[in-house]
Amino acid sequence: MQRRSFMLWAAGGAAAAAAGIGSIAAYLRWQEITPKVLYPGRSEGHYLRTLLREHTALPAPSATITTDVAILGSGIAGLTAAWRLNKLGHQDFLMVDGPQPYGNAAGGQFGELAYPTGGHYLPLPSPESTHVREILFDLGIIQRDPQAEKPYYDERYILHAPEERLLFNGLWQDGFIPTEGVPPAELAQHERFFAEVRHLRQARGNDGKRVFVFPTVESSQDPAWQALDAITLKQWMEREGYTSPTLHWYLNYCCRDDYGTRYDQVSAWAGLHYYCSRWGQAANAGNGAWLTWPGGMQPVATAMEQASGVKRHAGTVVSVQTTDQGVEALCLELVDGQPRTYLVKARKAICAMPLYVAARVVPDIASYGFDAKRDTPAYAPWMVANFLLKRFPDELPHAPLCWDNVVYQEPGLGYVVSTHQDIRVRPPEKTVFSAYVALSDRTPQQARKWLDTATPEELLALASVDLKTAYGRDFASCVERVDITVRGHAMAAPLPGFRSNAGLKALREHDGAILFAHADLSGFSVFEEAAWWGDRAARLAANV
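In this text, all values refer to a predicted model and were calculated from it rather than measured experimentally.

A. Expanded view of the pairing of strand β16 (residues 338-346). Strand direction decides the pairing type here: strand β2 (residues 64-66) and β16, joined by three bridges, are parallel. Residue pairing in the sheet places T66 in a bridge with K345 of β16. One ladder, built from nine bridges, connects strand β15 (residues 327-335) with β16; its direction is antiparallel. Opposite C331, over in β16, you have Y342 as the bridge partner. Turn length for the β15-β16 hairpin, with the two strands adjacent in sequence and antiparallel, is two residues, and the turn residue D336 shows positive phi of about 55 degrees.

B. Representation of the pattern of salt bridges in the model. The tally for this structure, following the rule as stated, stands at 24 salt bridges. One salt bridge in this structure joins E191 and R198, with 3.0 Å as the shortest N-O distance. Look at the salt bridges and you will find they share partners, linking R84, E134, D535 and R539 into a network.

C. Representation of the environment of T322 within the structure. Residue placement: T322 occurs in strand β14 (residues 316-322). T322 gets classed as partly exposed once you look at its relative accessible area, which sits at 42%. A C-alpha to C-alpha distance of 26 Å links T322 and G309, two positions 13 residues apart in sequence. Sequence-distant contacts of T322, defined by excluding residues within four places in its chain, comprise V327, Y368, A513 and I514.

D. Layout of the sheet that holds β16. What the four strands build is an open sheet, ordered β2-β16-β15-β14; its pairing is mixed. Whereas interior strands pair on both sides, the edge strands pair on one side only; in this sheet they are β2 and β14. Averaged over all pairs of adjacent strands, the angle between strand axes in this sheet comes to 20 degrees, irrespective of strand direction.

E. Examining empty space enclosed by the protein more closely. Per the counting criterion, the structure on display carries four cavities of 30 Å³ or more. Put simply, the largest cavity is a space of about 60 Å³. Along the walls of the largest cavity sit 13 residues, with T292, W293, P294, W403 and S418 positioned nearest its centre. Partitioned by chemical class, the residues of the lining of the largest cavity number six nonpolar, seven polar and no charged.

F. Focus on the sheet that holds strand β3 (residues 69-72). In spatial order, the strands read β13-β4-β3-β17-β23; together these five strands make up an open sheet with parallel pairing. This sheet does not close on itself; its edge strands, each paired only once, are β13 (311-313) and β23 (514-516). Averaged over all pairs of adjacent strands, the angle between their axes in this sheet comes to 25 degrees, without regard to strand direction. Sheet topology places β3 next to strand β4 (residues 93-96); four bridges connect them, and they run parallel.

G. Representation of the packing of aromatic side chains within the structure. If you walk through the whole model with that rule in mind, you get 31 aromatic pairs. A ring pair is formed by W249 and Y408, whose centres lie 4.5 Å apart and whose planes are at 35 degrees; its orientation type is tilted. Placement of the pair is W249 in helix α10 (residues 245-259) and Y408 in the loop between β19 (404-407) and β20 (412-417), with a sequence separation of 159 residues. Given a relative accessible area of 11%, W249 falls into the buried group. The exposure class assigned to Y408 is partly exposed, which follows from its relative accessible area of 28%. Aromatic pair Y259 and F524: ring centres 5.6 Å apart, planes at 70 degrees, arrangement edge-to-face.

H. How the structure looks around the layout of surface pockets. The calculated volume of the second largest pocket comes to roughly 840 Å³. Lining the second largest pocket are 32 residues, and of these R201, Y250, R278, G288 and W290 sit closest to its centre. Listed by contribution, the elements that provide at least two residues to the lining of the second largest pocket are β7 (121-123), α7 (184-202), α10 and α11 (268-276). Per-element tally for the lining of the second largest pocket: the top contributor is α7, with five residues. Classifying every residue of the lining of the second largest pocket by side-chain character gives 17 nonpolar, eight polar and seven charged.

I. Helix α4 (residues 42-54), seen in detail. Look at α4: 18 Å from first C-alpha to last across 13 residues, which is about the 18 Å you get at 1.5 Å a residue. By the burial criterion, the buried members of α4 are E44, G45, Y47 and L51. Looking straight down α4, one finds that the buried residues subtend no more than 165 degrees of arc, so they occupy a single side. Taken from the residues just after α4, H55 is the one with a positive phi, measuring 55 degrees.

Procedures and definitions
- Residues numbered from 1 in each chain as written.
- Predicted model: local features only at pLDDT ≥ 70, side-chain atom pairs only at ≥ 80, totals over all residues.
- Heavy atoms only, no water.
- Pairing = 2+ DSSP bridges.
- Helix = DSSP H or I, 4+ residues; strand = E, 2+ residues; numbered from the N terminus.
- Salt bridge = Lys/Arg side-chain N within 4 Å of Asp/Glu carboxyl O.
- Buried < 20%, exposed > 50% of the residue type's maximum accessible area, 1.4 Å probe, protein only.
- Contact = heavy atoms within 4.5 Å.
- Axes fitted to C-alpha atoms, helices over the stretch in contact; angles between N-to-C directions.
- 1 Å grid on protein atoms, 1.4 Å probe; cavity = no way out; pocket = protein on both sides within 12 Å on 5 of 7 lines; lining within 4 Å.
- Points joined across faces, edges and corners; volume = space filled by probe spheres on them.
- Nonpolar A, V, L, I, M, F, W, Y, C, P; charged D, E, K, R; others polar.
- Phe/Tyr/Trp six-rings, centres within 6.5 Å; stacked < 30°, edge-to-face > 60°.
- Expected span 1.5 Å × (residues − 1).
- Arc of directions from axis to C-beta.

Structure below.
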């Protein structure tokens, strides 16, 4: 999306001029908005690359911090590690934030209005996700019977109706898979696919384990099912005789939404896991319901931090090395652009960071069985734009605004309404629309290159595509402010073969002074997997 095409949206070129003063005024107001753009980790990365290019050394550490366990990273894996250590009665630990506190679970605020800058929901955990249920019970999100078939949840966090809608052929419809005006033969394929999903949810391999579960290490290792990891989801669909264009679009959308990657690149095992593993139940909600918060996952991350009592330190880890006494981590903090370093000494270190980062900061990671060139996952880029609206835009008749609103096109993923869970009788005067974009219309390398050089206006143009389609140029007059978060390596992409990645397996099984804990160990980025590896690392660090 070029800047010119975006600027032409609000005005509509010469046609807008003919439309009247109101359209021109909206265009001028839109032009005045320059988005604030956040690039987590970019400043630190640019600084370190400059040092390498200029053969300059980091400043000497200005302080040394000693602890028993150092948690390097403050995303869900690191927070789970801190939470578990505290539950085990282990108090001597600290956390180094990384480039952004809470990582992909971070959020922000426009005054009293919270919004997500990463993940924005959590499916009801299935019975196998006992670790997630324990966390949610400890935080009060599950109120009763955490390990029962149907726990009782705090209803404030259960997503309420209307949940989701799709703009298809110019009209909004309920749900994300197109139905209105779709030929009966296509609808029959839709039903066949979902019947297959219901069957696969209960399928077990020859080892007696369920095929698709969270955590994925508990899934069946039956070779017949593992063979799905050798092909893409699109290839699986073609093999099974699914030809419906709307079904293909839907499955492609879901892969882009969950993995940041198209279905013709995602492993069929991962693509089916998306549907077949998420079937949690609740005593006070329908099957497969979602949990959500105005600030996305940040309220959960904040609650986990508070429950753990962890001491957080700002900074990004530059190197982690073992010593005779344990581990030393050199950390960098940029304060007003000026570098400061400090040293963390610990008995154990939990690397709760993406593996492409761990491969750089752990100099001897190859000795653990991880070959950085061979085993580092591919990473999908991601962008979240939060639009502060001074008023709600006008909707089409008989089409109520939903929590999640998707447009039948690419590369956007639609937009989430942050105030949807507001249970007041009258809706708030202002709201936040959070627009998500997976740049899956180009290679990850091309996307990162574009993101690194794009102007704020160009980023805003891309982030606005779905909103433009849904509301036209009148949307501009509703906008008061826009904040954009760019994540060049947002999530690991589960490409074919990821289930047999030898390096990931080696790090999953490693036990030593340096431990690894991140969703990347599973090959894709979701809360359940990150929490699992954080929990495991904490138990190992505490010698449990």
